[in-house]
Amino acid sequence: MMQIDQLKVNGISTPLGYHFDYLTLSWRFQSNDYHENLKFKIEISKDDCFEEIVFSGETNSFYNTYTITTAFLKPRTRYFWRVSVDEVSAISYFETGKMNEPWEADWISYQEPTFESVSFKKSFSVKKEIRSARLYSLGLGLYEVFINDRKVGEEYLAPGYHSYDLIQQYQTYDVTEYLQDRNEIAFLVGNGWYRGRFIFEGGLENIYGDKQKLISELHILYHDGSTEIIKSDTTWNAKTNEIVENSIYDGETIDFSSKYQPLTVIMDKESKQLLRERIDLPICNMESLEPLIFRDTANNLLLDFGQEITGWIEGMLPANKPKVSFKFGEILQNGQFYSANLRTAKQEFVILNNEKERFIRPRFTFFGFRYVKVEGLNEEEAQRFSAKVLHSKMEERFRFTSSHKKLNQLISNIRWSQKDNFLSIPTDCPQRDERMGWTGDITVFANTASYNMETRAFLGHFLKMVELEQEHLNGAVPFFAPFPKVADRDAQNPFLNSAGAAVWGDAATVLPMTLFRHFRDQGLLNSHLSLMMNWVDYIYRQDEERGGKRLWDFGFQLGDWLALDLGIPGTVFGATDSALIATIYYYYSASNTAKALKLCNDSSATFYSKLALEIRTALLTTYFIGDELQLSPVTLQSEVEQNRQEMGRLFGGIDISTRVDTQTGLSLLLRFGIYPSESARLKLVETLKERMSESNGALTTGFVGTPELPHALLESGLVSEAFSLLFKETSPSWLFEVNMGATTTWERWDSILPNGKISGIEMNSMNHYAYGAIEDFIIEKMVGINLPDIEDDTNTYQISPQYTEQLNWLTGRLDTVNGKIEVHWEIQNGIVNLKIDVPTRTRVHLILKNGESMALQTGSYQLNDVYLPE
């Protein structure tokens, strides 16, 4: 039986009103009985009967993707597309937005001084039978829209967080079923990232604008073929509402005794040139959690949802409550509610003067929390409230379970930190006064993220923000995107007045290649070639200006952020030579760019391949003398190290003792193949073994080194060290966090000390996904599932599971476009029972510990292997 399902366009199911630079059509194909020479026929039509076909093509791709150009697309048109093979077919649709159509509507705002939230309304009548109706709208900062008091759509916090000064993404809603004879359309608009408090040191207001505004067109098509547009203009009404405070950091206050003030609607003269169809995924309510209610040691009434989440609480509020407040926090201290590590973020939801029973929830904020302190309600009343988990809508792809409960909890923690921080953009934390799209964090986590979820559209949107910002930075990539232009107002913060550091900037090349490895989306990769080249060119130009040494030993670098190898508690700086890290990433980005260009048949690949080779040669001559690692390279006195030392003294009051033979330095050299010979590699391995012994098997790595260390250990034959590292339960380690009750991953290895005390409040999040990058080690090494090579067109995975005495058994399952690939192994009396399920149109190159290797086709296999003690 053959089956085709999960039809997507650019990674999205039935996208409505999205922008399409390209069309990548993808689907899942499953079959118990198929022949090798399948050809899939793809058709696109303007009607669901496929009588008006506008495109037809075919492919035999084993990855079930097909990319085409968009020249034939017309504005505001629904297209149906069908994929067929043999006698089986499946149909889906996508719909364009306004595209290049001029906007008939005007931006509208109000004349009075700024309010925290305003409502824009328009009443209208419909006197004919409606065939369809589409609403094209954008409210800034954040908005919700209602037609006849019914909320339109299932998303929240629209339009999400974008570089509003460079792109303004409007949403499209199918409102056909919302309209009646007499109608009122109402927009509730708040502050959000657009004008609310945001960014460092207490934040800034009015970053993108000083008042809420709206643009909206409701297009109605009647059954008689006539059309009508209800558009935003000065005939609309506006007034204040009961939301008297709202802020991303501080939360929201609703005062039901507020006197609504009518406002004077004016036309906002801002250009409409930045308006564009959405590319961001909707933020949705993905699941609900019910609380455990208790009193803390200070007698505060607390809700414990058992899991740290991003979202809010909602429920029925009793009548006659003069003040009810909910305060949100991550952890308890001394058995009490605690929120000092949120810094200036209040994270409160306050309701004033409620006179009747009603359902309440916030509108224009979100919280990072596990615990909620409730004031103004008793236990029974508080029980009415549940937590709603909000994140961008994505399907999960990977499932894992094992005989080790703590390892299972670690995987859960990583997945939750991803969900909690994948809200419109990949954020660094969802709770304190930051919540920004740090590029370095996602650089190291992207591979794990893409195993866990279908990240194409989400990370593709983020990369577009990076690219837009890059255009204004002469090729540099900022430390975070969006990148508010506030340097003139906050020149003291180096992250706001500089850009272009290794690892953080290398998101420009790492993410596109990671997404291609996972999803084989040629259109997505091709759309990011300029971003990749511009980033490498940015480094190359500076390199050339300094004599073309092919070393990135200049500028401002963060090095191995939050590493422990300086031995200074609380410091953010690591000991590894930052020029070594930067130059390896220079090499990595040049190599990635060359590979991407080659995959897209672009002749520019030759230049970047040659550049990568030159950088590798410079690394070898700088960091090795013969087969010996050069422990005193010239880079220790380089411009970049002098800059880092100055930063250490300025912001940390410390002198940085820089080395190259750290766990991080050695892991990077081994992982990226930077050594002159096999003899040199073995010496690096021996030194890495010494470093692990010196730290009693613990890691001393930071953001850069941690993702590479376990892989480097195992690939170097240090199997015992690799698994001891993963399963270590004392600080610093992943399982120490589990032992301390963590339900997400921490920003720092010592975020919570062994005595249960928080280690500091200046920069300390309990919900930070970067160190969750360990999951790709668990997937690729322990489960043993490795993605096909980027040049492979036969969909051949390599499976090579690594067994450990720490586990009796494990199961890992990855959803692919041809079904589920699953590995289960169990150790019994020194023998490994191995079960592998290979889905349709998928090949596996299996490598066993007993020395055998074999090619597997579609089917289920049960095999025996040997367990070799570590």
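Residues numbered from 1 in each chain as written. Predicted model: local features only at pLDDT ≥ 70, side-chain atom pairs only at ≥ 80, totals over all residues. Heavy atoms only, no water.

## So, the sheet that holds strand E1 (residues 2-9)
Within the open sheet, the 3 strands sit side by side as E1-E3-E6. Their pairing is antiparallel. Among the strands making up the open sheet, the edge pair consists of E1 and strand E6 (65-68). When strand polarity is set aside, the average angle formed by the axes of neighbouring strands in this sheet is 20°. As paired elements, E1 and strand E3 (residues 23-31) share 6 bridges and run antiparallel to each other. Residue pairing in the sheet places Lys8 in a bridge with Ser26 of E3. (Pairing = 2+ DSSP bridges. Helix = DSSP H or I, 4+ residues; strand = E, 2+ residues; numbered from the N terminus. Axes fitted to C-alpha atoms, helices over the stretch in contact; angles between N-to-C directions.)

## Examining the UniProt feature "domain: Alpha-L-rhamnosidase C-terminal" (unreviewed entry) in the protein chain
The UniProt entry lists residues 798-853 under the feature "domain: Alpha-L-rhamnosidase C-terminal" (unreviewed entry), expressed in the numbering used here. Helix makes up 0% of residues 798-853 and strand 61%, and the two end C-alpha atoms of the span are 10 Å apart. (UniProt positions renumbered as here; feature names shortened; annotations may be inferred.)

## Some remarks on the UniProt feature "domain: Alpha-L-rhamnosidase concanavalin-like" (unreviewed entry) in the protein chain
Feature annotation in UniProt assigns "domain: Alpha-L-rhamnosidase concanavalin-like" (unreviewed entry) to the following positions: residues 299-391. Helix makes up 4% of residues 299-391 and strand 61%. Its end C-alpha atoms lie 33 Å apart.

## A few points about the layout of surface pockets
Any space left empty among the atoms is revealed by the rolling of a water-sized probe across them. In this structure, the largest pocket spans a volume of roughly 1000 Å³. In terms of lining, the largest pocket is formed by 29 residues, of which the most central are Arg517, Tyr588, Arg671, Phe672 and Glu780. When contributions to the lining of the largest pocket are tallied by element, the ones reaching two or more residues are helix H4 (439-452), helix H6 (507-519), helix H9 (578-599), helix H14 (709-715) and helix H17 (775-783). Here the lining of the largest pocket gets 6 residues from one element, more than from any other, and that element is H9. Across the lining of the largest pocket, the residue classes tally to 13 nonpolar, 7 polar and 9 charged. When residues are assigned to domains, the lining of the largest pocket turns out to be shared by domain 3 (437-698) and domain 4 (783-866), each giving three or more. One number sums up the size of the second largest pocket: a volume of about 850 Å³. For the second largest pocket, the lining is made up of 38 residues, of which Arg343, Trp561, Val572, Glu762 and Met763 are closest to its centre. In terms of residue class, the lining of the second largest pocket is built from 16 nonpolar, 10 polar and 12 charged. (1 Å grid on protein atoms, 1.4 Å probe; cavity = no way out; pocket = protein on both sides within 12 Å on 5 of 7 lines; lining within 4 Å. Points joined across faces, edges and corners; volume = space filled by probe spheres on them. Nonpolar A, V, L, I, M, F, W, Y, C, P; charged D, E, K, R; others polar. Domains from an automatic or database assignment.)

## Quick word on empty space enclosed by the protein
Summed over all chains, the structure comprises 3 cavities of 30 Å³ or more. Around the largest cavity, the lining residues are Tyr143, Glu144, Val145, Lys151, Val152, Glu155, Ala158 and Tyr173. With 3 residues, the top contributor of residues to the lining of the largest cavity is strand E12 (residues 142-147). Along the lines of polarity and charge, the residues of the lining of the largest cavity split into 5 nonpolar, no polar and 3 charged.

## Observations regarding the pairing of strand E16 (residues 182-190)
The element E16 is largely enclosed, with a buried count of 7 among its 9 residues. Sheet topology note: the strand E10 (residues 118-125)/E16 ladder contains 8 bridges and is antiparallel. Its bridge partner being in E16, Ser119 is matched across the sheet by Leu188. The sheet contact formed by E12 and E16 spans 6 bridges and is antiparallel. Residue pairing across strands places Ile147 opposite Ile185, the latter belonging to E16. (Buried < 20%, exposed > 50% of the residue type's maximum accessible area, 1.4 Å probe, protein only.)

## Here we look at the side chain of Asn341
Summarising the element assignment, Asn341 is placed in the loop between strand E30 (336-338) and strand E31 (348-354). A polar contact of 2.8 Å, which involves the side chain of Asn341, links it to the side chain of Glu330. Residues in contact with Asn341, not counting those within four places in the same chain, are Glu330, Arg432, Ile758, Ile761, Asn764 and Met766. (Polar contact = N/O pair within 3.5 Å; in protein donor to acceptor, adjacent residues only side chain to side chain. Contact = heavy atoms within 4.5 Å.)

## A closer look at the sheet that holds strand E47 (residues 859-866)
Pairing is antiparallel in the open sheet, where 5 strands are placed in the order E35-E42-E43-E44-E47. What marks the edges here is a single partner per strand, and that holds for strand E35 (398-402) and E47. On average, each strand axis in the sheet is inclined to that of its neighbour by 10°, with strand direction left out of account. Of the strand pairs in this sheet, strand E42 (residues 809-816) and strand E43 (residues 819-828) are connected by 8 bridges, and their pairing is antiparallel. Considered in E43, the bridge of Gly812 is made with Val823.

## A few points about the packing of H9 against helix H12 (residues 663-671)
H12 packs onto H9 with a crossing angle of 20° between their chain directions and a minimal axis gap of 10 Å. Regarding the angle of H9 to H12, the classification is roughly parallel. Helix-helix and strand crossings are classified by hand; for H9 and H12 the assignment is left-handed. For the pair H9 and H12, the contacting residues are Leu580, Ile581, Ile584 and Tyr585 in the first and Thr664, Gly665, Leu668 and Leu669 in the second. Classifying every residue of the contact of H9 with H12 by side-chain character gives 6 nonpolar, 2 polar and no charged. (Parallel < 35°, antiparallel > 145°, perpendicular 65-115°, else oblique. Left-handed = near helix turned anticlockwise from the far one by under 90°.)

## Regarding helix H13 (residues 678-694)
With 17 residues, H13 should reach 24 Å at 1.5 Å per residue; the first-to-last C-alpha distance of 24 Å fits that figure. Every buried residue of H13 is accounted for by Ala680, Arg681, Leu684, Val685, Thr687, Leu688, Arg691 and Met692. Projected down its long axis, H13 carries its buried residues within an arc of 165°, all on one side. Exposed positions of H13 whose direction lies more than 90 degrees from the buried face are Ser693 and Glu694. (Expected span 1.5 Å × (residues − 1). Arc of directions from axis to C-beta.)

## A short note on the nonpolar core
Grouped burial of nonpolar side chains is what soluble globular proteins tend to show. Trp27, Phe326, Leu410 and Met782 are the most contacted members of the largest nonpolar core, which totals 250 residues. Counting residues per element, this core draws most heavily on H9, at 13 residues. Other than its neighbours up to four places away in sequence, Met782 contacts Leu407, Phe723, Leu726, Phe727, Phe777, Pro801, Gln802, Thr804, Leu807, Leu810 and Trp825. Core analysis: the next-biggest nonpolar cluster, separate from the first, contains 30 residues, Tyr143, Val175, Tyr222 and Ala238 among them. (Core = buried A, V, L, I, M, F, W, Y, C linked by side-chain atoms within 4.5 Å.)

## Looking at helix H11 (residues 639-652)
The end-to-end C-alpha distance of H11, which contains 14 residues, comes to 19 Å, matching closely the 20 Å that a straight helix rising 1.5 Å per residue would cover. Considering only its buried residues, H11 is in contact with H9. One or two steps after H11, the chain reaches Gly653, where phi turns positive at roughly 65°.

## Some details on the domain arrangement of the protein chain
By the assigned domains, the protein chain splits into domain 1 (2-96), domain 2 (108-281), domain 3 (437-698) and domain 4 (783-866). When each unit is reduced to the centre of its C-alpha atoms, the spacing between domain 1 and domain 2 is 33 Å. The partner domain 2 presents 12 residues to the 9 residues of domain 1 that form the contact. Taken together, the connections running from domain 1 to domain 2 amount to 2 salt bridges. With a closest N to O distance of 3.3 Å, Asp21 and Arg276 form a salt bridge. Top contributing element to the side of domain 1 that touches domain 2 by residue count: strand E2 (residues 16-18), with 3 residues. When its residues are assigned to classes, the side of domain 1 that touches domain 2 shows 3 nonpolar, 2 polar and 4 charged. (Salt bridge = Lys/Arg side-chain N within 4 Å of Asp/Glu carboxyl O.)

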